[in-house]
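# What the coordinates show
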Amino acid sequence: MAHPSRLRKLLITPVPAVVVGVSVMLRYGVSPAVIGLQAAAALLAGWGGAQVARLPRDKVLAWAPALAAGGLLCGFLTLVSPGLDGVHRWWVLGPLRLHASALLAPLVLLGTAVLFEAGRPLAAAGVVLLMQALHLLQPDAAQATAFGAASLVLLTLSPGGLLLRWGLGSVVLLSTALAWGRPDPLSPVPHVEGIVRLAAEAGMLWGVAALASMAVIPLGLALVGVSAWSRSSPLERRVIASLAMYLGLQALTPAFGHFPVPVLGFGVSPLIGTWLSLGIVGVLRR
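Owing to the predicted nature of the structure, the values given are computational and were not obtained by experimental measurement.

### Re the pairing of strand β1 (residues 90–93)
Regular strands have side chains that alternate between both faces of the sheet. Inspection of the sheet shows β1 paired to strand β2 (residues 96–99) by 4 bridges, in the antiparallel sense. The residue of β2 that forms the bridge with Trp90 is His99.

Listed below in structure tokens is the structure:
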């Protein structure tokens, strides 16, 4: 069981990136409405992550596969919602667009881990393949990469035959490569995809602060996993390792394309998804 103070420290790891990101937006005159929404979303996401961390472990694990399946079904609704230039990554709620995969991926990874743990590797593989199919159809190369790598971590650490490992691993890598090959005509928005560049233009210290604040989140999660590795259950190890990989690559992929920078840049969904990931770890480590 993790000490409550350690869980609190984990839950505040996204705060530096939020503060740096909002500060950079203020320096560059981003709309007060956008900045206000980012701040409000961060407060809501942080509160939500803390509430998730308090949920009963047994109930969360019992419901995890159903939540993953339901989330996947909702994820495919993005394909029938209004897109942008043929890209369908969002649920549209009036003026607000919610990035579906950034919200769903932590739940899908947890559900997949629970299915592996329950001795249902084919069901787990099916969940992973459906999620990657969604990323390919939307298309979303960044999420295909982050989720794909996280699922490979689960596959490596979970029980299963060699054929399943090689087969599923090969399909995940292929789907990721295909997602990168799909055209993505969307232009970058400075305070979303270009927030690191804006920080660097403000000065070297701002640039370093931006990169360091993003690195704190997956590194903090990885340190929790390493420090508790010998005392953790196999399920805890798999989930923590996969979520650390997911959050790390989610932050890294914007360096290779026009993808939203999570937490640091504007975006409600990555904020919620990040704190949801940390809340899930809180549930497992209690």
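### Overview of the nonpolar core
With 76 residues, the main nonpolar core has Leu110, Met131, Leu221, Val239, Leu271 and Trp275 as its most contacted residues. The element best represented in this core is helix α5 (residues 100–117), accounting for 11 residues. Residues within four places of Val239 in sequence aside, it is in contact with Leu110, Ala113, Leu154, Ile280 and Leu284. Counting residues in hydrophobic clusters, the runner-up holds 5 residues, among them Ala142, Ala144, Ala179 and Phe259.

### Digging into helix α10 (residues 204–227)
Over its 24 residues, α10 runs 33 Å from end to end, which matches the ideal 34 Å to within 8%, given 1.5 Å per residue. At Val216, α10 shows its strongest bend, of approximately 30 degrees, with the proline Pro218 following within four residues. Those residues of α10 not exposed but buried are Gly207, Ala210, Ser213, Met214, Ile217, Pro218, Gly220, Leu221, Val224 and Gly225.

### Description of the pattern of salt bridges
What the rule picks out here adds up to 4 salt bridges. The salt bridge involving Glu201 is made with Arg197; its shortest N-O contact spans 2.7 Å. Separated by 4 residues within a single helix, Glu201 and Arg197 lie in helix α9 (residues 195–202), roughly one turn from each other. A residue is classified by how much of its surface remains accessible, and Glu201, at 49% relative accessible area, is partly exposed. When its relative accessible area of 45% is taken as the criterion, Arg197 is described as partly exposed.

### Observations concerning helix α3 (residues 32–53)
Every α-helix winds through 3.6 residues per turn, so residues three or four apart in the chain are directed the same way. Compared with the 32 Å implied by 1.5 Å per residue over 22 residues, the 31 Å span of α3 between its first and last C-alpha is a close match. Turning to α3, its buried residues are Val34, Ile35, Gln38, Ala41, Ala42, Ala45, Gly46, Gly49, Ala50, Val52 and Ala53. The buried residues of α3 all sit within an arc of 165 degrees when viewed along its axis, so they share a single face. Exposed positions of α3 whose direction lies more than 90 degrees from the buried face are Pro32, Ala33, Leu43, Leu44 and Trp47.

### What about the packing of helix α11 (residues 234–252) against helix α12 (residues 268–285)?
Where α11 meets α12, the axes come as close as 10 Å, and the angle between the chain directions of the two elements is 165 degrees. Judged on the interaxial angle alone, α12 and α11 are roughly antiparallel. You can see that α11 and α12 cross each other, and the crossing is left-handed. Contacts from Glu236, Val239, Ile240, Leu243, Leu247 and Gln250 of α11 reach α12 at Thr274, Ser277, Leu278, Ile280, Val281, Leu284 and Arg285. When the residues that make up the contact of α11 with α12 are grouped by side-chain class, the tally is 8 nonpolar, 3 polar and 2 charged.

So, how was this worked out
Residues numbered from 1 in each chain as written. Predicted model: local features only at pLDDT ≥ 70, side-chain atom pairs only at ≥ 80, totals over all residues. Heavy atoms only, no water. Pairing = 2+ DSSP bridges. Helix = DSSP H or I, 4+ residues; strand = E, 2+ residues; numbered from the N terminus. Core = buried A, V, L, I, M, F, W, Y, C linked by side-chain atoms within 4.5 Å. Buried < 20%, exposed > 50% of the residue type's maximum accessible area, 1.4 Å probe, protein only. Contact = heavy atoms within 4.5 Å. Expected span 1.5 Å × (residues − 1). Bend = angle between axes of the 7 residues up to and from the residue. Salt bridge = Lys/Arg side-chain N within 4 Å of Asp/Glu carboxyl O. Arc of directions from axis to C-beta. Axes fitted to C-alpha atoms, helices over the stretch in contact; angles between N-to-C directions. Parallel < 35°, antiparallel > 145°, perpendicular 65-115°, else oblique. Left-handed = near helix turned anticlockwise from the far one by under 90°. Nonpolar A, V, L, I, M, F, W, Y, C, P; charged D, E, K, R; others polar.

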